[in-house]
Amino acid sequence: MIATQAKLVYQLNKYYNERCQTRKAAIAKTIREVCKVVSDVLKEVEVQEPRFISSLSEIEARYEGMEVISPNEFEVVLYLNQMGVFNFVDDGSLPGCAVLKLSDGRKRSMSLWVEFITASGYLSARKIRSRFQTLVAQAVDKCSYRDVVKMVADTSEVKLRIRERYVVQITPAFKCTGIWPRSAAQWPMPHIPWPGPNRVAEVKAEGFNLLSKECYSLTGKQSSAESDAWVLQFAEAENRLLMSGCRKKCLSILKTLRDRHLELPGQPLNNYHMKTLLLYECEKHPRETDWDESCLGDRLNGILLQLISCLQCRRCPHYFLPNLDLFQGKPHSALEAAAKQTWRLAREILTNAKSLDKL
């Protein structure tokens, strides 16, 4: 048994050094290329409208605010300034979303975003995005990369297609630090020892982002109040939770397996599903020794089996917001196909570690 585990860990490390590092290098190269174009477009936007200041910056070879959705799809979060005069309201009526409401009607004129405030005092995510979309469309026509970049039509999101190969969504957002949403108040569960009080305090201080984008749970039933809402996102908090042990290596292997074998019609699975299931696995195995290099095979198998279970139940709860289902709106046939394919993958890895050479 121990020999089998050791063999699997050996093969996974080999897979990580060959496949995952190759994937990382290719994505890093793509990111540099994509960020040049996006920076140029955002510079042009800023000239027209100084309130939209590009926050895309390179720190230690990583771009702050850049999320990789898949090797050809990216999201750039554009942080806006001055949320100050608004209160953050999240009463759970819109799963995964919250609203920003003027703290005092008299402060309307003091806001940097005055023309995007609705009659009832909400800062409208949709109105800000709509204005931003117009500015980006004009910037695309003017920027020095105009031959290789164009807007993606038929969406309220701000999406660019670059060199006909890559899609980048640019999402206006506010950073919220020092507060924690009520809809995530159940975290951490009192009976689960992970991640421990010190790490919890760090994560909560890190805060979350409010994004102006279409919300999973609202598609198809957008009332005006709902389209004014902002989507909660916890990227920094999640990354902080995955910092120690072999957690990041495990995520890298999961992403590489997904890119190579689970990129299926109907797009049932993305990298965020993998990250979410890894966080749940951390709760199931709370001890740091459970994330020792020698346990990599067990942890990976556990996550793949949990993924199959979620796909079969057609439900994958968000880690911090369990009322939000990350499979909402995904075609059932696509989830079923993904379950079968994940089962084939898991069986292959479990029964024959050497199969990773071919995966």
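Residues numbered from 1 in each chain as written. Predicted model: local features only at pLDDT ≥ 70, side-chain atom pairs only at ≥ 80, totals over all residues. Heavy atoms only, no water.

1. A few points about the overall build of the protein chain
Right, on to step 1. A count of helices and strands for the protein chain gives nine helices and 11 strands.
Right, on to step 2. Here the C-alpha atoms of the protein chain give a radius of gyration of 21 Å, agreeing with the 21 Å that 2.2 N^0.38 yields for 359 residues.
Right, on to step 3. When the backbone C-alpha atoms are referred to their principal axes, the protein chain occupies close to 70 × 50 × 40 Å.
Right, on to step 4. Burial analysis of the protein chain (359 residues in total) assigns 50% to the buried set.
Right, on to step 5. Taking the intrachain contacts of the protein chain between residues at least 6 apart in sequence as the baseline, contacts between residues at least 24 apart amount to 69%. (Helix = DSSP H or I, 4+ residues; strand = E, 2+ residues; numbered from the N terminus. Rg over C-alpha atoms; globule rule 2.2 N^0.38 Å. Buried < 20%, exposed > 50% of the residue type's maximum accessible area, 1.4 Å probe, protein only. Contact = heavy atoms within 4.5 Å.)

2. Digging into the side chain of Gln341
Right, on to step 1. By the secondary structure assignment, Gln341 is in helix 9 (residues 332–351).
Right, on to step 2. Among all residues touching Gln341, those that are not within four sequence positions of it are His261, Leu262 and Leu264.

3. Quick notes on the nonpolar core
Right, on to step 1. In this structure, Val38, Leu123 and Phe320 are the most contacted members of the largest nonpolar core, which totals 102 residues.
Right, on to step 2. Ignoring anything within four residues of it in the chain, the contact list for Leu123 reads Phe86, Leu100, Trp113, Phe116, Ile117, Ile128, Phe174, Asp228 and Trp230.
Right, on to step 3. Val77, Leu94, Cys215 and Val231 belong to the second largest nonpolar core, which has 10 residues in total. (Core = buried A, V, L, I, M, F, W, Y, C linked by side-chain atoms within 4.5 Å.)

4. Quick look at the pattern of salt bridges
Right, on to step 1. A complete count under the given rule lists 23 salt bridges for this structure.
Right, on to step 2. The partner of Lys284 in a salt bridge is Glu281, with the nearest N and O atoms 3.9 Å apart. Remark: Glu281 and Lys284 occur in helix 7 (residues 271–284); sequence separation between them is three residues, near one turn of the helix.
Right, on to step 3. Judged by its relative accessible area of 44%, Lys284 is partly exposed.
Right, on to step 4. Assessed through its relative accessible area of 3%, Glu281 is described here as buried.
Right, on to step 5. Here the residues in one salt-bridge network are Arg23, Arg258, Asp259 and Glu263, joined through shared partners. (Salt bridge = Lys/Arg side-chain N within 4 Å of Asp/Glu carboxyl O.)

5. A look at the pairing of strand 11 (residues 230–233)
Right, on to step 1. As defined by bridge partners, strand 6 (residues 97–102) adjoins strand 11 across two bridges and the pair is classed as antiparallel. By the bridge assignment for strand 11, Ala98 is matched with Trp230.
Right, on to step 2. Examined bridge by bridge, strand 10 (residues 208–211) and strand 11 share three bridges and lie antiparallel to one another. Residue pairing for strand 11: Leu210 is matched across the bridge by Leu232. (Pairing = 2+ DSSP bridges.)

6. Points about the packing of helix 8 (residues 296–313) against helix 9
A pair of packed helices can be characterised by two numbers: the angle between their axes and the separation between those axes.
Right, on to step 1. Two numbers describe how helix 8 lies on helix 9: the axes approach to 9 Å, and their chain directions differ by 160°. The angle between the axes of helix 8 and helix 9 places the two elements in the roughly antiparallel class. Between helix 8 and helix 9 lies a crossing of left-handed hand. Mapping the contact onto sequence places Leu300, Asn301, Leu304, Leu305, Leu307, Ile308, Leu311 and Gln312 in helix 8 and Leu335, Ala338, Ala339, Thr342, Trp343, Ala346, Ile349 and Leu350 in helix 9.
Right, on to step 2. Looking at the contact of helix 8 with helix 9, its residues break down into 13 nonpolar, three polar and no charged. (Axes fitted to C-alpha atoms, helices over the stretch in contact; angles between N-to-C directions. Parallel < 35°, antiparallel > 145°, perpendicular 65-115°, else oblique. Left-handed = near helix turned anticlockwise from the far one by under 90°. Nonpolar A, V, L, I, M, F, W, Y, C, P; charged D, E, K, R; others polar.)

7. Digging into helix 8
Right, on to step 1. The terminal C-alpha atoms of helix 8, which comprises 18 residues, lie 26 Å apart, in line with the 26 Å expected from a rise of 1.5 Å per residue.
Right, on to step 2. Of all the residues in helix 8, the buried ones are Leu296, Gly297, Arg299, Leu300, Asn301, Gly302, Ile303, Leu304, Leu307, Ile308, Cys310 and Leu311.
Right, on to step 3. A positive phi of about 60° marks Arg314, the residue just after helix 8. (Expected span 1.5 Å × (residues − 1).)

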